[in-house]
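Here is what each chain is made of, one letter per residue.
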Amino acid sequence: MSDILIVLFKIMGTLSWFLTLTLYLTWLERKESAVMQDRVGANRANILGLRIIGLFQPFADAIKMIFKEDFTPRFSKKFLHMMAPFVSFFFVAVTITAVPFGDYVKIAGKTVKLQILDFNVGLLFILAMLSLGIYGVILSGWGSRSRFSLIGGMRGAAQIISYEVALGLSLIGLIMVYPTLKLSSMVHFQGEMILGFIPQWGVFLQPLGFIIFFFAALAETKRVPFDLPEGESEIIGFFAEYSGLKWGLFMMTDFMEIIIISTLITTLFFGGWQVPWLAADGFHFPWGGEWLLPHWIVVLFQVGAFNIKVFFFCWLQVLIRWTYPRYRYDQLMDLGWKLLVPLSLINIVGTGIVMSL
Amino acid sequence: MIRVLGNFIEIIRGSVITARHFIVNMWFHIVNLLGIKTQRKGAVTIQYPEEKKELAYRHRSLHRLVKRENGKPRCVACMLCATVCPSDCIYVEAAEDPDPEIQKYPSQFIIDLSRCCFCGFCVEACPEDAIRMDTSLIEVAGDNRDALVYDKDNLLR
């Protein structure tokens, strides 16, 4: 009974973390772009005159979106049109189950892993669910029965499938180095040291793999340098026929993908919840010092480190979105097939050679 | 290959520029939030209704009719402003003034601000310096068209 309660509590906590972060990523996007461009950003939304640098803006946006007319075009396929946003939302939302937030907590004699489900195939699960998200894109294009939406959806599908190849291939080198697909053991593996003082993070073992993965993942999130599926203002995208909360779900899916990509980068390449030189009982510095800490402070350090890393990568992705112009379609395909895929193949061969030495 | 590498370096440089903008502006935002006055602010934005930009010395704002010492308008109803007005928005009706030095005064002086283009020709044309555009009132707005038709009582200040 208590096991079920613990799992339920973990699901609640993780989902609320995920959705709150999604909500405030919209705020971060507005504010960060504003600060980059010498502006102030949305700061007028208030409750009883209380405007804490616009922190209520996401709620104002949500209320606006809920009360907008939910318009379904007469010519659309009603069921598919309705399904599409939920499909893309669902497949992104389930990926959070496999992400490890920390090592474990000891509460009342029980050891609770800070991860909803510790799959043996956690990495494959996340990648599979992210690819299934394409069905939302295709369904929305098909179900809208509008040429613009259909072309946008097809464009999105082509883009995501071609970057899926580079994404998968770039991780093969990593899987060769960590001989596991289980995300928690991957993070444990990254807790060890190279030469006794450099943390054995994926980015030090697989620098090329990291760069390829980062670019491919940016293309997966369908945001600006690679926003051909959407292209709200110029080339009309797959959600042209959506309005109100359904459109909002697509937008939320984008932001959730940013978070998932950030958690993946953190978990695979930047040591997940590992803090350098922090073991289960405290810090063991390479120069011989020790700083022993109680269990709950260690857990706080781990979860805090994970969150800081994730926030940093969310910040970086928003920075990239507000810096670069959009790729042309042929440039996008060139980058995917002619640069990233060969580079990831080279990465696999190089990793194999180095490992067999 | 070299071109691709060069592009890659330029891509990195671009993000470094925007990141530098972000960090510098964020630094000034945080320092100002802590209450320390600095030479520059984090953003160039003026939060309009609360803080207002100082108008330039020659800024053409809402018109006013200049008064004489006894409170009557300086205007002698010569119609030069109404003639020069490119928007044809000034209407002046003359009446006889008992003072032989003045001879005429405007019994009606109406400016339709919904048509006025704030060019300032009326100010230039006036021989008596009776109309000026120096009130610094720039928030001229109304709920209907009649609210924007200002007569002598509104303009005399």
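Rules and cut-offs
- Residues numbered from 1 in each chain as written.
- Chains lettered and ligands numbered in written order.
- Predicted model: local features only at pLDDT ≥ 70, side-chain atom pairs only at ≥ 80, totals over all residues.
- Helix = DSSP H or I, 4+ residues; strand = E, 2+ residues; numbered from the N terminus.
- Rg over C-alpha atoms; globule rule 2.2 N^0.38 Å.
- Buried ≥ 20, exposed ≤ 12 C-beta atoms within 10 Å, placed from the backbone.
- Contact = placed C-beta atoms within 7 Å.
- Domains from an automatic or database assignment.
- Expected span 1.5 Å × (residues − 1).
- Nonpolar A, V, L, I, M, F, W, Y, C, P; charged D, E, K, R; others polar.

**So, the overall build of chain A**
Okay, so step 1: Per the secondary structure count, chain A includes 12 helices and seven strands.
Okay, so step 2: Radius of gyration (C-alpha) of chain A: 22 Å, near the 21 Å computed for a compact globule of 357 residues.
Okay, so step 3: For chain A, the spread of C-alpha atoms along the three principal axes comes to 70 × 55 × 50 Å.
Okay, so step 4: With 357 residues in all, chain A has 40% of them scored as buried.
Okay, so step 5: Intrachain contacts of chain A at a sequence separation of at least 6 include 75% that bridge at least 24 residues.

**Structural notes on the domain arrangement of chain B**
Okay, so step 1: Structurally, chain B comprises domain 1 (1–45) and domain 2 (64–155).
Okay, so step 2: If you average the C-alpha positions of domain 1 of chain B and of domain 2 of chain B, the two centres end up 51 Å apart.

**Things to note about helix α9 (residues 207–220) of chain A**
Helical geometry: 3.6 residues make up each α-helical turn, so side chains three or four residues apart lie on a common side.
Residue and element names in this part refer to chain A.
Okay, so step 1: Relative to the 20 Å expected for 14 residues at 1.5 Å per residue, α9 spans 20 Å between its end C-alpha atoms, a close match to the ideal helical length.
Okay, so step 2: Taking burial as the measure, the 14 residues of α9 include 10 buried ones, the bulk of the element.
Okay, so step 3: Here α9 has its buried residues at Gly209, Phe210, Ile212, Phe213, Phe215, Ala216, Ala217, Leu218, Ala219 and Glu220.
Okay, so step 4: Residues of α9 that are buried sit in contact with α4 (122–132), α6 (147–177), α8 (202–205), α10 (244–269), α11 (295–321) and α12 (329–356).
Okay, so step 5: Downstream of α9 by one or two residues, Lys222 has phi in the positive range, about 60°.

**Let's talk about the interface of chain B and chain A**
Okay, so step 1: Listed by partner, the interface residues are 14 residues for chain B and 12 residues for chain A.
Okay, so step 2: A class-by-class count of the residues in the side of chain B that touches chain A yields six nonpolar, eight polar and no charged.

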